[in-house]
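# Close look at the chain arrangement
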There are 4 protein chains.
Amino acid sequence: MNYQEILEEIFTEVSSLESKGAVADYIPELGNVDASKYGIYLDSIDGVGFSLGNAYERFSIQSISKVYSLVLAMKVLDRDVWKRVGVEPSGDPFNSLTLLEYENGIPRNPFINSGAIVIADILMSYYQNPKEAFLNFVRKISGNPNLDYNEKVAMSEKEHGFRNASLANLMKSFGNIHNDIEDILDFYFYQCSLEMSCKDLAQSFMIFANKGKLLNDEQVYIEPRHAKRINAIMQTCGFYDESGEFSFRVGLPGKSGVGGGIVAVHPSHYSVAVWSPKLNKKGNSYLGIETLERLTTLTGFSIF
Amino acid sequence: MNYQEILEEIFTEVSSLESKGAVADYIPELGNVDASKYGIYLDSIDGVGFSLGNAYERFSIQSISKVYSLVLAMKVLDRDVWKRVGVEPSGDPFNSLTLLEYENGIPRNPFINSGAIVIADILMSYYQNPKEAFLNFVRKISGNPNLDYNEKVAMSEKEHGFRNASLANLMKSFGNIHNDIEDILDFYFYQCSLEMSCKDLAQSFMIFANKGKLLNDEQVYIEPRHAKRINAIMQTCGFYDESGEFSFRVGLPGKSGVGGGIVAVHPSHYSVAVWSPKLNKKGNSYLGIETLERLTTLTGFSIF
Amino acid sequence: MNYQEILEEIFTEVSSLESKGAVADYIPELGNVDASKYGIYLDSIDGVGFSLGNAYERFSIQSISKVYSLVLAMKVLDRDVWKRVGVEPSGDPFNSLTLLEYENGIPRNPFINSGAIVIADILMSYYQNPKEAFLNFVRKISGNPNLDYNEKVAMSEKEHGFRNASLANLMKSFGNIHNDIEDILDFYFYQCSLEMSCKDLAQSFMIFANKGKLLNDEQVYIEPRHAKRINAIMQTCGFYDESGEFSFRVGLPGKSGVGGGIVAVHPSHYSVAVWSPKLNKKGNSYLGIETLERLTTLTGFSIF
Amino acid sequence: MNYQEILEEIFTEVSSLESKGAVADYIPELGNVDASKYGIYLDSIDGVGFSLGNAYERFSIQSISKVYSLVLAMKVLDRDVWKRVGVEPSGDPFNSLTLLEYENGIPRNPFINSGAIVIADILMSYYQNPKEAFLNFVRKISGNPNLDYNEKVAMSEKEHGFRNASLANLMKSFGNIHNDIEDILDFYFYQCSLEMSCKDLAQSFMIFANKGKLLNDEQVYIEPRHAKRINAIMQTCGFYDESGEFSFRVGLPGKSGVGGGIVAVHPSHYSVAVWSPKLNKKGNSYLGIETLERLTTLTGFSIF
């Protein structure tokens, strides 16, 4: 089977699955999405794209944005990033305070909320206008100049962001936050509100499958050694406390968001994004995981 | 020996002790205090007061203020207070987030910081001007109309209050905080900055030794059943994670503050306050505990 | 009202309460007890005993035995006991491993299972035949030479004692257990299987109300300073993670067991035992606590 | 550079590193090893082996044995293994009880001690003589019929195995252990005491690099889907609470043991084993990790 046939086979199979899980609704703006949406886009390293369903429709990328901000932070601070955040899986839900307290304000990894807030703080210290810098970078690597934040979502997150404010204040008490907390959270909520399609996501994640470059473009958007390491962190920490399960079932580095998106990469082969808004209990797209598990089964190869 | 002789005997003994511990210095204003200060004041239920050393000098009462605000909250909400805060010892340091997260934003008891912040929130919802109400109440029961907040201390706490902001935000995320967090913390830091002498403290705590009344005054400042219960909470929770140790060594209900003050009561007998700024590792006055242990040994009676 | 009238008033009131809770049934021998049993015995310090209901019927004392073994350990090691076990409330269920691991094998206090196992280990190191020594001591202070262990209960505990074996092994890995684990647990399960009546319990606990002595007997069974301290520990740690609640509602030092018994003392006034097999969720007798709360309310005095 | 040149380059570099870490010495038999030993063996999928240093000398494989026993358990129970043990990283040290208690006796993954004990229990239920079955399997896939347990090491582990006994008893209290604890631990300590060389290890791990087969042998020792999943678990859980760090720095699935050995595989390319007895603070071979990091850097490719 070629990729297109595989995507169609997957679609047939997951269409017959009982619909499980629930759309994220802790802010009204996320709860309004049509739960039946389903899209997938696969970008192969030889330059061909394959798609199916709502692959061109934009949705809230939420935590997937943490990968982009980590890329920028590694450009800015290189290995000094790791003085302020770790690379170990947390084994705890994405917004837990317990480990953070126990470990003196150093987040376990950059993909739990506390870690992403530290990364946002790093970008605040470096960029005059971090919102603009972030947006420009994602527009460039996705090849889509029309991407934008959803201000309504960002505002709504802010109104319900007490737990994130709790994390930020705790880290500040340990000296691991340098800028004003409200400013950081404002930037953080904007970055999470970015809206992208499966195609946008897959195309931009090609830099992790292709040693830092996009296809048809000689620019190095991220050093290969950095791309390799971000892949490693996605592998062990990309799915909150379900990271081991994803690694076990799918066998690819990836990152999910509560908007229902998942992006994954098979280095040297392809990047792929899938979207289905219903989440399992761990906060990851139920059909998204089912889809990617079938992808590595049907292609017959994963990184393992 | 009568009480005066006992106080003098204690003073002789503790004067010969090696000076241990350190003055609290997480804000500069607290660190400036003269570490050699030492005062004690005992108010006996038959109306005689006994004192020694710097018993009339005011210092920052800090966490001792949590007892006064609990009294006010029980007047306001009666037993509904216990829907929002527990009565169990925490077994954790005074500002831990772990238990609070595990227990869904309900603080273990009103004498750890999170619990006191909930109590402050309760008072904010009830009083138009909680700072004024609080101050008036303490002035009245201490018989000292000159008591006041130390604004410099309150401001300084605020600048270093990230952990308390973290606690408040976490509880707000669980719905256990109703007012604006900045307003609550402002009130909380003011209440902690109140300055009182050993005499002021002992006199005001007579309401816990005398079933809710002061001496020579028929007014019931707190219902006897409330006084009894606050004594019980002081007994099990008054000294952070050293509460069992204090109960074991001293055998009286009491409350300490990082300003170096400790107040204790022997119901139906006396209230007593001691002040010495150097704190042990658990944040309680080193000589304060030594003093009170000798007091119950030399008088030959405690509540046990 | 005199004590007898108070007991009868309490009986009337608690009889009308909806019957709540469940009999402990983790071993079949405990589950077989008649759930409707109810007894109370109050021994006043002036030598008069008051009783009601099944006050003379024996039941499994279970964790109440931990108080007797602590008395023996303090006789043997005096303050060196506190090198191997703490005096702080645990804030956790009675058999938690988490704190024990975190605190390097030193149990929080002698009334959680791990602490009682350390105490058993201390007695094993001192007595040739600790089972006999323990039984003789309790027979003596209860004035009942017929008391005995229930071997069937002890054996059954042993068969289900994997969690206690887990605790003992963990402490041994930290060096805080000196004897053979099977021997210690055998002794521990026997001590818990002892059967006593409310009368036996109240009479023996008089040593805590009467500065170490029984009534009509000049022998000092425990030094007054030890009695005072055991009272303090009962106050803060006697009811697992409901100790604060018991202190708050009842205001007396006491100890409960999963057999449905509770003993409490009002120093210089009385000792009292109550028995009702149904337990609340924290493992303490539901009607037992209701009874004692009414006792301090109706008598109008507690230690606070 | 070819593999042999790369090994030599690595050897030159790590030889110049300051010697860090300490040999495991919680049992005397492990502490006696010569700390300066260093060996490496790389088995490439095209059938050529490369070696350097003490690559043919046997040492105690310790936790590496957990991979072999997982293979056997998956053969026996297939996916039912995952009803009794998870696949998530633990984020805690290898022998922690806290998570195990919190998660009701289901170990996080098969590579922490509790998980390996459950796997041993599974094998005990299936095999008449699990020690023999285990040994035969490892002899076969390593191609070395002379491999054997070190009885002295096994006995010594047993004498110091109180923490493992604690874990086993805790899981038994939750119903997740079916056989006699002493028997299970006896088997577990034997399996850990197995002695193998870098060559033995690399050769046997070829089944993970080669879809379940050895080279020059058509037998399928483990189904390809199982091999893939064990690789995924090694990737996320193979190095205790340093698994993320290893993934980040090296980028290969692998497993370490406190004997100083590490085995890793690059699926479809090679398997590799390295041995150096000095361990870092997380219990992993200090020079072993340095070696493998250089290997993926110098070859220019990892799974990411």
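Keep in mind that this is a model prediction, so the values were computed, not measured.

Criteria and thresholds
- Residues numbered from 1 in each chain as written.
- Chains lettered and ligands numbered in written order.
- Predicted model: local features only at pLDDT ≥ 70, side-chain atom pairs only at ≥ 80, totals over all residues.
- Heavy atoms only, no water.
- Helix = DSSP H or I, 4+ residues; strand = E, 2+ residues; numbered from the N terminus.
- Buried < 20%, exposed > 50% of the residue type's maximum accessible area, 1.4 Å probe, protein only.
- Contact = heavy atoms within 4.5 Å.
- Core = buried A, V, L, I, M, F, W, Y, C linked by side-chain atoms within 4.5 Å.
- Axes fitted to C-alpha atoms, helices over the stretch in contact; angles between N-to-C directions.
- Parallel < 35°, antiparallel > 145°, perpendicular 65-115°, else oblique.
- Nonpolar A, V, L, I, M, F, W, Y, C, P; charged D, E, K, R; others polar.
- Buried area = accessible area lost by both parts, 1.4 Å probe.
- Salt bridge = Lys/Arg side-chain N within 4 Å of Asp/Glu carboxyl O.
- Polar contact = N/O pair within 3.5 Å; in protein donor to acceptor, adjacent residues only side chain to side chain.
- Disulfide = S-S within 2.5 Å.
- Least-squares fit on C-alpha atoms with pLDDT ≥ 70 in both.
- Domains from an automatic or database assignment.

## Re the environment of Gly105(D)
Residues and elements named next belong to chain D.
- Structurally, Gly105 is set in the loop between α4 (98-102) and α5 (113-126).
- Judged by its relative accessible area of 0%, Gly105 falls in the buried class.
- Between the C-alpha atom of Gly105 and that of Phe301, which follows or precedes it by 196 residues, the distance is 39 Å.
- Once you skip the residues sitting within four places of it in the chain, Gly105 turns out to touch Leu100, Met171, Phe174 and Asn176.

## A few points about the nonpolar core
- Among the nonpolar cores identified, the biggest contains 144 residues, and Phe208(A) and Phe208(B) are the most heavily contacted of them.
- Among the nonpolar cores identified, the runner-up in size contains 142 residues, and Phe248(B), Val71(D), Val118(D) and Val263(D) belong to it.

## Focus: the packing of helix α3 (residues 65-77) of chain C against helix α9 (residues 181-193) of chain C
Residues and elements named next belong to chain C.
- The geometry of α3 relative to α9 is characterised by a closest axis approach of 8 Å and an angle of 120 degrees between their N-to-C directions. Compared by their axis directions, α3 and α9 come out oblique. Across the interface between the two elements, Ser65, Lys66 and Ser69 of α3 pack against Tyr188, Gln191 and Cys192 of α9.
- Split by residue class, the contact of α3 with α9 holds two nonpolar, three polar and one charged.

## A few points about the interface of chain D and chain C
- Contacts between the two partners involve 15 residues from chain D and, on the opposite side, 15 residues from chain C.
- Carbon and sulfur atoms make up 55% of the surface buried where chain D meets chain C, a total of about 1300 Å² over both sides.
- Linking chain D with chain C are two salt bridges, by the criterion used here.
- The partner of Glu101(D) in a salt bridge is Arg163(C), and the shortest N-O contact between them spans 2.9 Å.
- If you look at where chain D meets chain C, you find seven residue pairs in polar contact (both at pLDDT 80 or more).
- Listed by contribution, the elements that provide at least two residues to the side of chain D that touches chain C are α4 and α8 (162-173) of chain D.
- No other element matches the eight residues that α8(D) contributes to the side of chain D that touches chain C.
- Tallied by class, residues from the side of chain D that touches chain C come to six nonpolar, six polar and three charged.

## Details of the state of the cysteines
- Scanning the entire structure with this criterion turns up zero disulfides over all chains.
- Unpaired in terms of disulfides, Cys237(B) finds its nearest cysteine sulfur in Cys237(C), a separation of 11 Å.
- Owing to a relative accessible area of 4%, Cys237(B) belongs among the buried residues under this scheme.

## A short note on the relation of the copies chain D and chain A
- Laying chain D over chain A is done by rotating through 180 degrees and shifting 0.0 Å along the axis; what remains is an RMSD of 0.0 Å. Within this description, the copies of the chain are treated as partners about a two-fold rotation axis.
- A high fraction, 100%, of the interface residues of chain D reappear at the interface in chain A, so the copies pair face to face through one surface.

## Some remarks on the domain arrangement of chain A
All names here are of chain A.
- Assigned domains within chain A: domain 1 (3-62 + 195-299) and domain 2 (64-192).
- For domain 1 versus domain 2, the separation of C-alpha centres amounts to 21 Å.
- With 37 residues of domain 1 at the contact, the number on the domain 2 side is 39 residues.
- For the pair domain 1 and domain 2, the summed buried surface comes to about 3300 Å²; carbon and sulfur atoms form 64% of the total.
- A per-residue breakdown of the area domain 1 buries against domain 2 is headed by Gln62, Tyr221 and Ile233, which together make up 17% of the total.
- Taken together, domain 1 and domain 2 are joined by one salt bridge.
- Put simply, Arg225 and Asp78 hold a salt bridge, and the shortest N to O gap is 2.9 Å.
- For the pair domain 1 and domain 2, the interface holds 15 residue pairs in polar contact (both at pLDDT 80 or more).

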